[in-house]
Amino acid sequence: MTDLLPAPGLTGLLLGTTPPGVYRLPPTDTTPRVVSLAAEADWRGATLHLGGVTTKTAFLERCAGDLEFPEWFGRNWDALADCLTDLSWWREEGKARGYLVLAEEWTAFRKASPKDARTAEAIFGDAVDYWAEAETPLAVLLG
C-alpha cells in the first residue's frame, strides 16, 4: 500500500522538500486545488480520470487519452513504462520544474482490479525512481 503524502503535503512535494514518489492524496486535497498548485509551482500536471475503470484494458485506454500519450503507445504494461520513462511526448515549450500525474478514483480502480492496480502502481514507482535524480522529477498522486 502506498503511503499518504507526508507533511507538509502537496506544497512540500512541489517545492522539493518532500521527495518525489507515488503517494496517496490526502482526502482534504481536491483535484482543482492540486492542479492549481502544480501550475503555480511550474509543474506540468495531468489528471488520470479512473471513474468507471475496472480492467487493465480500460486503464491503459484511459492513460492513453487522459495523459495524451503518443500514437506509438502500445496499450500494454511495457508501453506504459516506456511512456513514463520517456517524457519527451509530454514536454512543452519552456521548462517545467516537475511532472505530476494525479490518478482520481484510484481506490475504486484498486478494488475493482487489484492485480492490475498493483502492476500499475509498480510501474508508476519505477518511473518516479527513474526521474528522481533528474532536474525535472515525476511524482504520482493516487486519489
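About the cut-offs
Note that residues are indexed from 1 along each chain, following the sequence as it is written. Totals for whole chains, interfaces and linings use all residues, but because this is a predicted model, local features are given only for residues with pLDDT of at least 70 and pairs of side-chain atoms are given and counted only at 80 or more. Side-chain figures throughout are based on the complete set of non-hydrogen atoms in the structure, without hydrogens or water. UniProt positions are given in the numbering used here, feature names are shortened, and annotations may be inferred rather than shown by experiment. Only one rule defines a salt bridge in this text: a Lys or Arg side-chain nitrogen within 4 Å of an Asp or Glu carboxyl oxygen. The helix and strand labels rest on DSSP assignments: H or I over at least four residues marks a helix, E over at least two residues marks a strand, and numbering proceeds from the N terminus. Only protein chains enter the accessibility calculation, which uses a 1.4 Å probe. A residue is then buried if its area is under 20% of the maximum for its type, exposed if over 50%, and partly exposed in between. Any two strands are treated as partners once DSSP identifies two or more bridges connecting them. What counts as an axis is a line fitted to C-alpha atoms, over the stretch in contact for a helix, and the angles between N-to-C directions run from 0 to 180 degrees. Any two residues whose heavy atoms approach within 4.5 Å at even a single point are treated as in contact. An arc is given here, and it is the one of the directions from the helix axis to the C-beta atoms. As used in this structure description, the phrase polar contact means that two N or O atoms lie within 3.5 Å; if the pair is within protein, one of them must be able to donate a hydrogen and the other to accept it, and residues adjacent in sequence are counted only when both atoms belong to side chains.

As recorded by an unreviewed UniProt entry, the protein chain carries the name Barstar family protein and is attributed to Streptomyces aureoversilis. As its UniProt record puts it under Sequence similarities (unreviewed entry), the protein chain is described as follows: "Belongs to the barstar family."

Asks: Can you walk me through the pattern of salt bridges in this structure?
Replies: Opposite charge on two side chains allows them to pair when their charged atoms are near. For the coordinates displayed, the defined rule picks out 2 salt bridges. Here Asp 29 and Arg 33 are joined by a salt bridge, their closest N and O atoms 2.3 Å apart. A salt bridge links Glu 61 to Arg 75, with the shortest nitrogen-to-oxygen separation between them at 2.5 Å. In this pair, Glu 61 sits in helix α3 (residues 56-66) while Arg 75 sits in the loop between α3 and α4 (77-85), placing the two residues 14 residues apart along the sequence. Among the residues examined, Glu 61 registers a relative accessible area of 40% and is labelled partly exposed. Classification of Arg 75 by relative accessible area gives partly exposed; the value is 40%.

Asks: I tried to follow the sheet that holds strand β2 (residues 43-49) on my own but got confused; where do I start?
Replies: Overall, parallel pairing links the 4 strands, which are arranged β1-β4-β3-β2 in an open sheet. For this open sheet the edge positions go to β1 (22-24) and β2, each flanked by a neighbour on one side alone. This sheet shows a mean twist of 20° between the axes of neighbouring strands, independent of strand direction. Relative to the sheet, helix α2 (residues 31-40) contacts β2, β3 (98-104) and β4 (138-142), its axis offset from that of β3 by approximately 175°.

Asks: Before we go on, may I ask you to explain α4 in this structure?
Replies: Note: α-helices contain 3.6 residues per turn, so residues at a spacing of three or four share the same orientation. By the burial criterion, the buried members of α4 are Trp 77, Ala 79, Leu 80, Cys 83 and Leu 84. Considered in projection along α4, the buried side chains sweep an arc of 160° and stay on one side of the axis. Contacts made by the buried residues of α4 are with α3, α6 (114-131) and β4. With a side-chain oxygen lying 3.1 Å from the backbone nitrogen of Asp 78, the N-terminal cap of α4 falls on Asn 76.

Asks: How should the pairing of β3 be read in this particular structure?
Replies: On a regular strand, one side chain projects to one face of the sheet and the next to the other, so that they alternate. With 6 of 7 residues buried, β3 lies mostly within the body of the structure. Judged from the 7 bridges that link them, β2 and β3 form a sheet pairing that is parallel. From the neighbouring strand, Leu 48 faces β3, where its bridge partner is Ala 103. Here β3 runs beside β4; their pairing, made up of 5 bridges, is parallel. By the bridge assignment, Leu 102 is partnered in β4 with Leu 141.

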